[in-house]
Amino acid sequence: MFVGIHGSYHWELDAGELRVSSADPRVGLLKSYPAPAAFNNAEQAQWFVQGRIDLNAEELAAAAKANSEPKPTSS
């Protein structure tokens, strides 16, 4: 398992899955992506994750915005 921070995102890489969350704990998980199950070292994992986050920056920003907006309540 590898974990880290890139920009305004926290990430966790484990068991072939990359989970990207907002740095704001109230927003939570933004997106999960498939990922290689093994890396030779933490630096390789970090470079992979940074590339994935950078390539999907617009999608992650939209998810963060959607998750941070108040949910409408039914009356």
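See above for the structure.
Scope of this entry: the structure provided in the associated data block. None of the values given here were measured: they were computed from a predicted structure.

## Description of the nonpolar core
Across soluble globular proteins, nonpolar side chains show a tendency to be buried alongside one another.
Then, number 1: Core analysis: the biggest nonpolar cluster contains 16 residues, and Leu13, Leu18, Val20, Leu30, Ile53 and Leu60 have the highest contact counts within it.
Then, number 2: Elements represented by at least two residues in this core include exactly strand E2 (9–14), strand E3 (17–22), strand E4 (29–34), helix H1 (42–55) and helix H2 (57–68).

## Considering the pairing of E3
Then, number 1: Across the two faces of E3 the burial differs, with Leu18, Val20 and Ser22 buried and Glu17, Arg19 and Ser21 not buried at all.
Then, number 2: In the sheet, E2 pairs with E3 via six bridges, with the strands oriented antiparallel. By the bridge assignment, leucine 13 is partnered in E3 with leucine 18.
Then, number 3: In this structure, the hairpin formed by E2 and E3 is closed by a connection of two residues, where alanine 15 is found at a positive phi of approximately 50 degrees.
Then, number 4: Looking at chain direction, E3 and E4 are connected through five bridges and run antiparallel. From the neighbouring strand, arginine 19 faces E4, where its bridge partner is serine 32.

What counts and how
- Residues numbered from 1 in each chain as written.
- Predicted model: local features only at pLDDT ≥ 70, side-chain atom pairs only at ≥ 80, totals over all residues.
- Heavy atoms only, no water.
- Core = buried A, V, L, I, M, F, W, Y, C linked by side-chain atoms within 4.5 Å.
- Buried < 20%, exposed > 50% of the residue type's maximum accessible area, 1.4 Å probe, protein only.
- Helix = DSSP H or I, 4+ residues; strand = E, 2+ residues; numbered from the N terminus.
- Pairing = 2+ DSSP bridges.

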